[in-house]
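As a plain string of letters, each chain reads:
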Amino acid sequence: MNKIQKQRLAWRTGFFLLFILAPVLDIFRFDLNQNHFILLTHPWTLGIDAFKSGQISALEMTLNMGLRFFLPLALVVGIGFWVAWKWGRLYCGWLCPHFSVVETINYCMRRASGKLSLWDRETLPTDQADGTHLPVNKKWWWTTALAVLGFSFVWAVVLITYLLPPKEIYSNLFHASLTRNQMLFIGVATILFIIEFTVARHLFCRFGCAAGLLQSLVWMGNKKALVVGFDRARSTQCVECDASCEHACPMRLKPRSIKRKMFTCTQCMQCVEACEKVHEDDPRPPLLHMLSDQCALDVSLRDFGQKPSIPADCFPPIASSAKHKKGSPPADR
């Protein structure tokens, strides 16, 4: 695990804990009993009831709508669009608590079956060119089942705490005294998550998540946005590899392809890390790099059959890589 992946792990772990604790600490939730949001321990209301009872004027009500609804909404949407425009689905790859579960269960399922999904046709190699060694052991099915069940239950419980007082929910759980509606919500949600985490996972991320698809659409509109770039001038070098970059992708994408075919890339950079590991003892630099600005046009404009001229320094020259070892293969550029 390189520095980038350690940073991702720290960010995802921290955000997953925030996802669980936000309603408990009253950082953010919607209270159905009080019928208003709670933000940073304070009630977040529009003042509709006060306006109906004549306690505030129409002007005050208008100001409340602007400052407490439209302005926060515009800020959240605007920042989200700006991040997606520059970096794509950065939220998905670096923060999303659902995607953290996807990657965890993917790993467990690969150890159990050699595949990241029940729908994969071929098993992944036990030993890869990037140094990955993951032998298949059917005992891992127990770990996979526990992970699916555990995460499903946690998600169901956490979601209801965003709607009802967390103290009440956790107290009722501890004393086995959930109300009928609470039990029904948690039970149905758990079953739905079990189905989703077992058979869908990254398929839901690719085709069913509205937030993710919106980020992808915004990202596709910016031809200079951050993207995985492939050094096509050295493409013949890939015959020495076993597509470790593709095996590393949790979304099951092909990183050496054009941007349109990487529509749902989460910028997790695991494919880049895999390529770096393949070239760890090779004097030649890796073929995959994160590109942006003018360099990104090589990946973006090929969607339209164009072959743009990109700056010469988009990919590191072989001369700038590690010194050649005695007997190392000659440069292929």
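Thresholds, definitions, all that
- Residues numbered from 1 in each chain as written.
- Predicted model: local features only at pLDDT ≥ 70, side-chain atom pairs only at ≥ 80, totals over all residues.
- Heavy atoms only, no water.
- Helix = DSSP H or I, 4+ residues; strand = E, 2+ residues; numbered from the N terminus.
- Buried < 20%, exposed > 50% of the residue type's maximum accessible area, 1.4 Å probe, protein only.
- Areas by Shrake-Rupley, 256 points an atom, 1.4 Å probe, with all protein chains shown as cover.
- Pairing = 2+ DSSP bridges.
- Axes fitted to C-alpha atoms, helices over the stretch in contact; angles between N-to-C directions.
- pLDDT = per-residue confidence, 0-100.
- Contact = heavy atoms within 4.5 Å.
- Polar contact = N/O pair within 3.5 Å; in protein donor to acceptor, adjacent residues only side chain to side chain.
- Core = buried A, V, L, I, M, F, W, Y, C linked by side-chain atoms within 4.5 Å.
- Salt bridge = Lys/Arg side-chain N within 4 Å of Asp/Glu carboxyl O.
- Parallel < 35°, antiparallel > 145°, perpendicular 65-115°, else oblique.
- Left-handed = near helix turned anticlockwise from the far one by under 90°.
- Nonpolar A, V, L, I, M, F, W, Y, C, P; charged D, E, K, R; others polar.
- Expected span 1.5 Å × (residues − 1).
- Phe/Tyr/Trp six-rings, centres within 6.5 Å; stacked < 30°, edge-to-face > 60°.
- Lys NZ or Arg CZ within 6 Å of the ring centre and 35° of its normal.

### Considering the overall build of the protein
Okay, so step 1: Secondary structure summary: the protein contains 13 helices and 5 strands in total.
Okay, so step 2: The C-alpha extent of the protein, read off along each of the three principal axes, is 85 × 55 × 30 Å.
Okay, so step 3: Within the protein, the fraction of its 333 residues that count as buried is 42%.
Okay, so step 4: Accessible area of the protein: about 18500 Å², with a carbon and sulfur share of 67%.

### As for the sheet that holds strand 2 (residues 36-39)
Okay, so step 1: A sheet is described by the order of its strands in space; here 3 strands give the open sequence 1-2-3, paired in antiparallel fashion. A single partner strand is all that each edge strand has here, and the edge strands are strand 1 (28-31) and strand 3 (42-44). Put simply, the sheet's adjacent strands are angled 35° from each other on average, direction ignored.
Okay, so step 2: When strand 2 meets strand 3, the two strands line up antiparallel, connected through 3 bridges. Considered in strand 3, the bridge of Leu39 is made with His42.

### Let's talk about the confidence of the model for the protein
Okay, so step 1: Summarising the model, the protein shows a mean pLDDT of 89, and 93% of its residues fall at 70 or more.
Okay, so step 2: pLDDT under 50 marks residues 320-333. Its contacts with residues more than four places away, or in other chains, come to 23 contacts.

### Notes on the side chain of Ser117
Okay, so step 1: Checked against the element boundaries, Ser117 lands in the loop between helix 5 (97-113) and helix 6 (140-161).
Okay, so step 2: Classification of Ser117 as buried rests on a relative accessible area of 5%.
Okay, so step 3: At 3.1 Å, the side chain of Ser117 forms a polar contact with the backbone nitrogen of Trp119.
Okay, so step 4: Those residues within four positions of Ser117 in sequence are excluded, and the remaining contacts are Met109, Arg201 and His202.

### Focus: the environment of Met290
Okay, so step 1: Mapped onto the elements of the fold, Met290 is located in strand 5 (residues 288-291).
Okay, so step 2: Spatially, the C-alpha atom of Met290 lies 9.6 Å from that of Phe315, the residues being 25 residues apart in sequence.

### So, the pairing of strand 2
One face of the sheet, then the other: side chains in a regular strand alternate in exactly this way.
Okay, so step 1: The pairing of strand 1 with strand 2 spans 4 bridges and is classified as antiparallel. Bridging across to strand 2, Phe30 finds its partner in Phe37.
Okay, so step 2: Once strand 1 ends, the chain turns through 4 residues before running back antiparallel as strand 2, passing Asn35 with a positive phi of about 60°.
Okay, so step 3: Adjacent in sequence and paired antiparallel, strand 2 and strand 3 are bridged by 2 residues, among which Leu40 carries a positive phi angle near 55°.

### Some words on the nonpolar core
Okay, so step 1: By size, the foremost hydrophobic cluster in this structure holds 28 residues, and its most contacted members are Val227, Val228 and Leu288.
Okay, so step 2: Counting residues per element, the ones that place at least two in this core are helix 5, helix 10 (210-220), strand 4 (227-230), helix 12 (270-278) and strand 5.
Okay, so step 3: Excluding residues within four positions of it along the chain, Val228 makes contact with Pro255, Met262, Cys265, Cys271, Val272, Leu288, His289, Met290 and Val299.
Okay, so step 4: Counting 20 residues, the second largest nonpolar core, distinct from the first, contains Val101, Ala147, Leu164 and Ile186.

### What to know about the pattern of salt bridges
In a structure, side chains of opposite charge can pair up when their charged atoms sit close to one another.
Okay, so step 1: The tally for this structure, following the rule as stated, stands at 11 salt bridges.
Okay, so step 2: The shortest N-O distance in the salt bridge between Glu246 and Lys254 comes to 3.4 Å.
Okay, so step 3: For Glu246, a relative accessible area of 18% translates into the label buried.
Okay, so step 4: Three or more residues are tied together by salt bridges with common partners; here these are Arg8, Arg12 and Glu103.

### Considerations on the packing of helix 3 (residues 58-87) against helix 10
Okay, so step 1: Closest axis-to-axis distance for the helix 3/helix 10 pair is 7 Å, and the angle between their directions is 55°. On the basis of the axis angle, helix 3 is oblique to helix 10. Crossing hand, helix 3 versus helix 10: right-handed. Contact residues: helix 3 offers Phe81, Ala84, Trp85 and Trp87, while helix 10 offers Leu214, Gln215, Val218 and Trp219.
Okay, so step 2: Of the residues assigned to the contact of helix 3 with helix 10, the class counts are 7 nonpolar, 1 polar and no charged.

### Quick notes on the environment of Ile79
Okay, so step 1: Residue placement: Ile79 occurs in helix 3.
Okay, so step 2: Residue classification places Ile79 among the exposed positions, given a relative accessible area of 52%.
Okay, so step 3: Counting along the chain gives 123 residues from Ile79 to His202, while the straight-line C-alpha distance between them is 25 Å.

### Focus on helix 5
Okay, so step 1: Spanning 17 residues, helix 5 covers 24 Å between terminal C-alpha atoms, matching the ideal 24 Å at 1.5 Å per step.
Okay, so step 2: One or two steps after helix 5, the chain reaches Gly114, where phi turns positive at roughly 85°.

### Observations concerning the packing of aromatic side chains
Okay, so step 1: As enumerated under the stated definition, the model contains 12 aromatic pairs in all.
Okay, so step 2: An angle of 85° between the planes, with centres 5.3 Å apart, marks the rings of Trp82 and Trp87 as edge-to-face.
Okay, so step 3: Both rings, one in Trp155 and one in Phe193, keep their centres 5.4 Å apart while their planes meet at 55°; by these two values the pair is tilted. With a gap of 38 residues between them, Trp155 in helix 6 and Phe193 in helix 8 (residues 180-199) connect regions that are remote in the sequence. Per residue, the accessibility class of Trp155 equals that of Phe193, and both read buried.
Okay, so step 4: An aromatic cluster of three or more residues is present, and its members are Phe16, Phe19, Phe151, Trp155, Tyr162, Phe193 and Phe197.
Okay, so step 5: Above the ring of Trp87, the side-chain terminus of Lys86 is found at 5.3 Å from the ring centroid.
Okay, so step 6: For the cation-ring pair, Lys259 lies above Trp219, with the distance from its terminal atom to the ring centre recorded as 4.4 Å.

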